[in-house]
Amino acid sequence: MVQVFGLNSLAGALTMPVKELSAATQSVLDELGVPHRWPAGTPERGVYCSRTLNLRSIKAIGYDMDYTLIHYDVNAWEGLAYSYGLETLRQQGVPVDGLKFDPDLVIRGLIMDKEYGNLIKVDRFGLVKRAMHGTRMMGWQEIRQFYGREVVNLRNEGRWVFLNTLFSVSEGVMYMQLVDRLDQGAFSSNAPGQLTYQGLYRFVSKALYRTHVEGKLKREIIQAPEKYVEVDPEMAQTLLDQKEAGKMLLLITNSDYEYSATMMSYAYDRFLPAGVTWRDLFDMVIVMSRKPEFFSYNMPLYEVVTSDGLMRPVLAAKLGGLYCGGSARQVEAALGVEGDDILYVGDHICTDAALAK
């Protein structure tokens, strides 16, 4: 390194002017033929790793589907969820007239404080650095009055809600907007007793949960996937490359079979070789997996045996199978691998990462 960068010693890297060090680094990269942006011109395609990962030791790669293998137009998907949730609240007498989905109000990584009706951003130590009350930004002095040196503990789920997936955006937007309505006294004649910020969150959470459980949202998306899915032609080739490299591929999703089959067929089949479908990409598919319990508990396993989703109970999973439910242990037994041999890729920090690990 000393010779390559023209230094007298390694210590020189600490004292060398930044511009000179940057220029020397770029000259080395140019000599090696590495483009200025990697991959060429598309840094968002880069793979970033916070720990050492030896892909040669990985025998199987599992994928979540929603917001992982299938990328959605967040404004369209979450806007639709928001509209269904809003209609549910309207039927319950909640004052929602005039509210509109604002995709710029909330992003992943923020935290809702159900005690005070605030949306906060914390640093790596858990200290609050920025905050909104409802849709109003709070000043520094106001933040100090509310939180001081309090450390946010996300294990206290009774108070904090971590917005860690894109599915959280509609919930966050709706809650913060309704905090404003609550402060304005709009709930006085519609809610029993004294409605708190905690109670308001329960209204919002149940409304959006009902939207998902009743299936209205996904039924509409199935009918017109082109409105909601952002198709990526390179994803199919990526999975084919991994199979050629000898990796076993898994699809493990909480979505039901009908929805999963429709979305995967729409997003992948057109980019695969003739006669190959999305099912041929995976050595095993598990729908309605009930993550995160899937990674921790043994649950009943069913095999999907017809194209319309009829199932039968089975005792063990097999390679090439299409299943509902089950557990990570059953998958490991079927593939003949252990936890450290499997890499699981998903968008949810808790459901897909922490417990899978």
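Residues numbered from 1 in each chain as written. Predicted model: local features only at pLDDT ≥ 70, side-chain atom pairs only at ≥ 80, totals over all residues. Heavy atoms only, no water.

A.B. asks: Describe the overall build of the chain, with residues and values.
C.D. replies: Across its full length, the chain carries 12 helices and 14 strands. For the chain, buried positions account for 42% of its 357 residues. Within the chain, contacts between residues separated by at least 24 positions form 70% of all contacts whose residues are at least 6 apart in sequence. Per element, the accessible surface of the chain, about 20200 Å² overall, is 52% carbon and sulfur. (Helix = DSSP H or I, 4+ residues; strand = E, 2+ residues; numbered from the N terminus. Buried < 20%, exposed > 50% of the residue type's maximum accessible area, 1.4 Å probe, protein only. Contact = heavy atoms within 4.5 Å. Areas by Shrake-Rupley, 256 points an atom, 1.4 Å probe, with all protein chains shown as cover.)

A.B. asks: Help me get a handle on the pattern of salt bridges, residues and values and all.
C.D. replies: This structure, assessed with the given rule, holds 10 salt bridges. Salt-bridge contacts for Arg-159 lead to Asp-113; the nearest nitrogen and oxygen are separated by 3.0 Å. Note that Arg-159 is positioned in the loop between α4 (140-147) and β7 (160-162) and Asp-113 in strand β3 (residues 111-113), a separation of 46 residues in sequence. Overall, Arg-159 belongs to the buried group, its relative accessible area being 9%. Classification of Asp-113 as buried rests on a relative accessible area of 0%. Arg-136 serves as the salt-bridge partner of Glu-142, at 3.0 Å between the closest nitrogen and oxygen. Look at the salt bridges and you will find they share partners, linking Asp-113, Glu-115, Glu-150 and Arg-159 into a network. (Salt bridge = Lys/Arg side-chain N within 4 Å of Asp/Glu carboxyl O.)

A.B. asks: With reference to specific residues and values, describe the sheet that holds strand β4 (residues 118-122).
C.D. replies: Spatially, five strands are ordered β6-β5-β4-β3-β7 in an open sheet, and the strand pairing comes out antiparallel. The sheet is open, and its two edges are formed by β6 (136-137) and β7, each paired on a single side. Where strand β5 (residues 128-133) and β6 come together, two bridges link them in antiparallel fashion. Paired with His-133 across the bridge in β6 is Arg-136. Set on the sheet, α4 makes contact with β3, β4, β5, β6 and β7; between it and β5 the angle comes to about 100°. (Pairing = 2+ DSSP bridges. Axes fitted to C-alpha atoms, helices over the stretch in contact; angles between N-to-C directions.)

A.B. asks: Break down the side chain of Ser-170 for me, citing the residues and quoting the values.
C.D. replies: Residue position: Ser-170 is located in helix α5 (residues 169-183). Apart from residues lying up to four places away in sequence, Ser-170 is in contact with Glu-78, Ala-81, Tyr-82, Phe-101 and Leu-208.

A.B. asks: Can you explain the sheet that holds strand β1 (residues 60-63)? Please cite residues and give values.
C.D. replies: Strand order in the open sheet formed by seven strands is β12-β11-β13-β10-β9-β1-β14, and the pairing between neighbours is mixed. Of all strands in the sheet, those with a lone pairing partner are β12 (311-314) and β14 (342-345), marking the two edges. Ignoring which end each strand starts from, the neighbouring axes of this sheet average 25° apart. Sheet topology note: the strand β9 (residues 248-252)/strand β10 (residues 284-287) ladder contains three bridges and is parallel. Considered in β10, the bridge of Ile-252 is made with Ile-286. Against the sheet, helix α11 (residues 328-335) contacts β1, β9, β10, β11 (301-304) and β14, and its axis sits at roughly 170° relative to β10.

A.B. asks: Residue-level account of the packing of aromatic side chains, with values.
C.D. replies: With the rule as written, the count across this model stands at 13 aromatic pairs. Here the aromatic rings of Phe-295 and Tyr-344 are separated by 5.5 Å at their centres, their planes lie at 70°, and the arrangement is edge-to-face. With a gap of 49 residues between them, Phe-295 in helix α10 (residues 293-296) and Tyr-344 in strand β14 connect regions that are remote in the sequence. Within the aromatic cluster, the residues linked to one another by ring pairs are Tyr-67, Tyr-72, Trp-77 and Phe-167. (Phe/Tyr/Trp six-rings, centres within 6.5 Å; stacked < 30°, edge-to-face > 60°.)

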